[in-house]
Amino acid sequence: MSEDKLSAGTVTSLKNPLRGTLDKPLRHVVSNEELDALCETRREHVTEYVWAAIGVAVGTLPGTVALLNGYITQGIAYGFRPEGLIQFGLFCAALSVMGSMGMIARRRARRLREIEADIRMRA
């Protein structure tokens, strides 16, 4: 038996089948219509998360403004209520989700445009 073939005593699991490595990446022929359809399809819901975070931020904005206004005017003597602190926490969380998901959406959109331009340059 040659060295590149498996011996009878060797067992391979189905989860990790042996694969040959490719010397060159596979290239596929894609029409302009197919490329446009692929680039327009949004399979990820990042923009929906951004809009949901904007909704939470707008909804908690009045409570956050009231909390900060009371703290600024009365200082340490201001009595923080749990619902005001919860709204402030939700507002801060919504701002962080908006920022992070916005950056992710922008990077993915830029990468998609670069890939589309690379594919169009090949034709």
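None of the values given here were measured: they were computed from a predicted structure.

1. A few points about the overall build of the chain
Next up, step 1: In terms of helices and strands, the chain carries three helices and zero strands.
Next up, step 2: Counting every position in the chain, which comprises 123 residues, the buried fraction comes to 13%.
Next up, step 3: At a minimum sequence separation of 6, the contacts of the chain that also span at least 24 residues come to 69%.

2. Quick look at the confidence of the model for the chain
Next up, step 1: Mean pLDDT for the chain: 77, with 74% of residues reaching 70 or above.
Next up, step 2: The least confident element of the chain, judged by mean pLDDT, is helix 1 (residues 32–40) at 75; the most confident is helix 2 (residues 46–74) at 89.

3. Overview of a positive patch on the surface
Next up, step 1: A surface patch of positive charge is lined by Arg106, Arg107, Arg110 and Arg113.
Next up, step 2: Secondary-structure assignment places Arg113 in helix 3 (residues 82–122).

4. Here's the deal with the side chain of Thr60
Next up, step 1: Following the sequence through the fold, Thr60 ends up in helix 2.
Next up, step 2: Note on Thr60: relative accessible area 8%, which makes it buried.
Next up, step 3: When near neighbours in sequence (up to four residues on either side) are disregarded, Thr60 contacts Gln87, Leu90 and Phe91.

5. Comments concerning the environment of Leu85
Next up, step 1: Considering the arrangement of structural elements, one finds Leu85 in helix 3.
Next up, step 2: Looking at Leu85, the relative accessible area reads 43%, which means it is partly exposed.

6. A word on the packing of helix 2 against helix 3
Next up, step 1: With their axes 7 Å apart at the nearest point, helix 2 and helix 3 run at an angle of 150° to one another. In terms of their interaxial angle, helix 2 and helix 3 are classed as roughly antiparallel. Considering how the two elements wind past one another, helix 2 and helix 3 form a crossing that is left-handed.
Next up, step 2: Each residue belonging to the contact of helix 2 with helix 3 can be placed in one class, and the counts come to 20 nonpolar, six polar and one charged.

Conventions and cut-offs
- Residues numbered from 1 in each chain as written.
- Predicted model: local features only at pLDDT ≥ 70, side-chain atom pairs only at ≥ 80, totals over all residues.
- Heavy atoms only, no water.
- Helix = DSSP H or I, 4+ residues; strand = E, 2+ residues; numbered from the N terminus.
- Buried < 20%, exposed > 50% of the residue type's maximum accessible area, 1.4 Å probe, protein only.
- Contact = heavy atoms within 4.5 Å.
- pLDDT = per-residue confidence, 0-100.
- Patch = residues over 30% accessible without salt bridge, like charges linked within 9 Å, V, L, I, M, F, W, Y side chains within 5 Å.
- Areas by Shrake-Rupley, 256 points an atom, 1.4 Å probe, with all protein chains shown as cover.
- Salt bridge = Lys/Arg side-chain N within 4 Å of Asp/Glu carboxyl O.
- Lys, Arg positive; Asp, Glu negative; His and termini not counted.
- Charge placed at Lys NZ, Arg CZ, Asp CG, Glu CD.
- Axes fitted to C-alpha atoms, helices over the stretch in contact; angles between N-to-C directions.
- Parallel < 35°, antiparallel > 145°, perpendicular 65-115°, else oblique.
- Left-handed = near helix turned anticlockwise from the far one by under 90°.
- Nonpolar A, V, L, I, M, F, W, Y, C, P; charged D, E, K, R; others polar.

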